[in-house]
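Geometric and topological summary
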Amino acid sequence: MASDNIFSGLKVVDLASFIAGPSAAVILSDFGADVIKVEPPSGDLWRIGHKIPPQPQAEDAYPWHLANRNKRGITLDLKSPSAQQVLQELVTWADVLIVNTPHPARKRLKLEYDDVVLWNPRLIYADVTGFGEKGPDADLPGFDITSYWARSGLLSMTRDAGAPPTWPVAGSGDNATAVGLYSAIVTALYRRERTGKGSYVTTSLLAEGVWSASVSIQGALAGAKFYGLHDRKNPANAALNVYRAADDTWFVLLVTPDKLAVLAKAIGRPDLLTDARFSDPAKLTANMPQLTAILDETFCAQPMAHWYGVLNGVHVTFGAVRGPQEVINDPQLRANDIVVPLEGAGGKLTSTISSPIQVHGVAKVPARRAPGLGEHNEEILRELGFDAKDIDGLRASGAVPKAKERAA
């Protein structure tokens, strides 16, 4: 593997909070970008994400390190008049500025694109919002659970018939949105290479949620007839359903039409192919519950290890449903560098999840811990051109508080 990194020399200022914006910066950092994380004096609230139910509880600040590894950290009180000079130097230094401050507050802080582009016309200004920049709800606050999941339609469809909407996995929409924001940044960087011009790029949790649900949303746009919520015992298609093995392992089965015959033979039920209830397309839909019951009885007779061999042997698509504690032991994760070592975080936090993009022939930067609050204040300020007297003045004004002892 080559030691060169694609974004070596790229300078990124991460002014965003929580997950989506910071995680886009993490992807850039994985490929060598120099990322400065800017936080308010009190710190990004995601520093204590590991203590907020229903997130899994832990002593180690695992969400913080996941979303902010490989970064240097500085605290900056943007409400302080003295902060503007630091912000100007940061923007002048940067190739990319990532923001997710709500636009009303952004206007007050003079952090809008029109404010900062005057300092750096080549800047890539990357903006992530909850609901988009326009429309009646443009200024509403949004988390991935509200904007990506609920508003997009995803949450209405990811449940079984008769069940209320559930609480989705925290951060799942944020991390999908992070990849979208990263893509927008890289697109703008490519444009800058060709034209020399900076760009204002944006995405939203809502847009990314609708994109994720786009097969169904496009169906709605086309006036398609929907089957309704999934009912495992009475599915729209028994070949696309969830079943349980004898050891109580649930698995998703997805059988394409060309595999129906080979599957029936492999599970020891070739009679299903000639059973009039199922072989006649006109009767199949009405008899879907009966077919599901037969498959339930068949799959419940053997453990998952048996069905793994059977289904894999005939190249039928399936997936055992795993919990997080099982997922981390999946050999595919380390074989494909999905989970990688994490340096310096301490405690039990010795590994982390890499960003989902690999470039053959290019090694990612080894993952190292996220910064402590204000850990690199003086280093960054000196790099930006502030001398000792300037730094003392910024501390006295409260614009850049003195760094605290390193801790998440």
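Residues numbered from 1 in each chain as written. Predicted model: local features only at pLDDT ≥ 70, side-chain atom pairs only at ≥ 80, totals over all residues. Heavy atoms only, no water.

**Observations regarding the overall build of the protein**
On a plain count of helices and strands, the protein comes out with 19 helices and 12 strands. Dimensions of the protein along its principal axes, counting C-alpha atoms only, are 85 × 45 × 45 Å. The buried share among the 408 residues of the protein stands at 44%. Averaging the locations of the 41 positively and 44 negatively charged side chains of the protein gives two centres separated by 2 Å. (Helix = DSSP H or I, 4+ residues; strand = E, 2+ residues; numbered from the N terminus. Buried < 20%, exposed > 50% of the residue type's maximum accessible area, 1.4 Å probe, protein only. Lys, Arg positive; Asp, Glu negative; His and termini not counted. Charge placed at Lys NZ, Arg CZ, Asp CG, Glu CD.)

**So, helix α19 (residues 388–397)**
Regarding α19, its N-cap is Asp387, as a side-chain oxygen of that residue lies 3.2 Å from the backbone nitrogen of Lys389 further along. Where α19 ends, the next residue or the one after it, Gly398, has phi of about 85°, a positive value. (Polar contact = N/O pair within 3.5 Å; in protein donor to acceptor, adjacent residues only side chain to side chain.)

**Brief notes about the sheet that holds strand β12 (residues 367–368)**
If you trace the three strands from one edge of the open sheet to the other, you get β11-β10-β12, paired in mixed fashion. The outermost strands of the open sheet, each flanked by one partner alone, are β11 (351–353) and β12. Bridging between strand β10 (residues 339–343) and β11 involves three bridges; their strand directions are antiparallel. Within β11, the residue paired with Pro341 across the bridge is Ser351. (Pairing = 2+ DSSP bridges.)

**What about the confidence of the model for the protein?**
It should be kept in mind that the predicted coordinates are not to be read in detail where pLDDT is low. Model confidence for the protein is summarised by a mean pLDDT of 96, while 98% of its residues fall at 70 or above. Looking at the elements of the protein, mean pLDDT is at its lowest for helix α13 (residues 281–284), recorded as 91, and at its highest for strand β4 (residues 96–99), recorded as 99. (pLDDT = per-residue confidence, 0-100.)

**Let's talk about the packing of helix α1 (residues 20–30) against helix α8 (residues 172–195)**
Where α1 meets α8, the closest approach of the two axes is 8 Å, and the angle between their N-to-C directions is 55°. On the basis of the axis angle, α1 is oblique to α8. Considering only the axes of α1 and α8, their crossing is right-handed. Across the interface between the two elements, Ala20, Gly21, Ser23, Ala24, Ile27 and Leu28 from α1 touch Asp174, Asn175, Thr177, Ala178, Val179, Leu181, Tyr182 and Ile185 from α8. Per-class residue counts for the contact of α1 with α8 are nine nonpolar, four polar and one charged. (Axes fitted to C-alpha atoms, helices over the stretch in contact; angles between N-to-C directions. Parallel < 35°, antiparallel > 145°, perpendicular 65-115°, else oblique. Left-handed = near helix turned anticlockwise from the far one by under 90°. Contact = heavy atoms within 4.5 Å. Nonpolar A, V, L, I, M, F, W, Y, C, P; charged D, E, K, R; others polar.)

**Some remarks on the layout of surface pockets**
Considered as a void within the structure, the largest pocket measures approximately 1,900 Å³ in volume. Lining the largest pocket we find 49 residues, and of these Tyr62, Leu66, Pro324, Ile328 and Ile353 sit closest to its centre. Contributing elements (two or more residues each) for the lining of the largest pocket: α1, α2 (62–68), α8, α16 (324–327), α17 (331–335), β10 and β11. In terms of residue count, α2 provides more of the lining of the largest pocket than any other element does, five residues in total. Looking at the lining of the largest pocket residue by residue, the classes come out as 28 nonpolar, 15 polar and six charged. Residue contributions to the lining of the second largest pocket peak at five residues, all from helix α4 (residues 103–108). Here the lining of the second largest pocket is built from residues that sort into 27 nonpolar, 12 polar and nine charged. (1 Å grid on protein atoms, 1.4 Å probe; cavity = no way out; pocket = protein on both sides within 12 Å on 5 of 7 lines; lining within 4 Å. Points joined across faces, edges and corners; volume = space filled by probe spheres on them.)

**Looking at the packing of aromatic side chains**
The tally for this structure, following the rule as stated, stands at 12 aromatic pairs. Centre to centre, the rings of Phe251 and Phe299 are 5.1 Å apart; their planes meet at 85°, and the pair counts as edge-to-face. Placement of Phe251 in strand β8 (residues 250–254) and of Phe299 in helix α14 (residues 288–299) is noted, with a sequence separation of 48 residues between them. Residue class for Phe251 comes out buried when judged on its relative accessible area of 0%. On the basis of relative accessibility, which here comes to 0%, the residue Phe299 falls in the buried class. Considering the side-chain rings of Phe299 and Trp307, the 5.0 Å spacing of their centres and the 85° angle between planes classify their relative orientation as edge-to-face. You'll find Phe299 and Trp307 in the same group, each marked buried. Cluster of aromatic residues (ring-pair linked, three or more members): Tyr243, Phe251, Phe299 and Trp307. (Phe/Tyr/Trp six-rings, centres within 6.5 Å; stacked < 30°, edge-to-face > 60°.)

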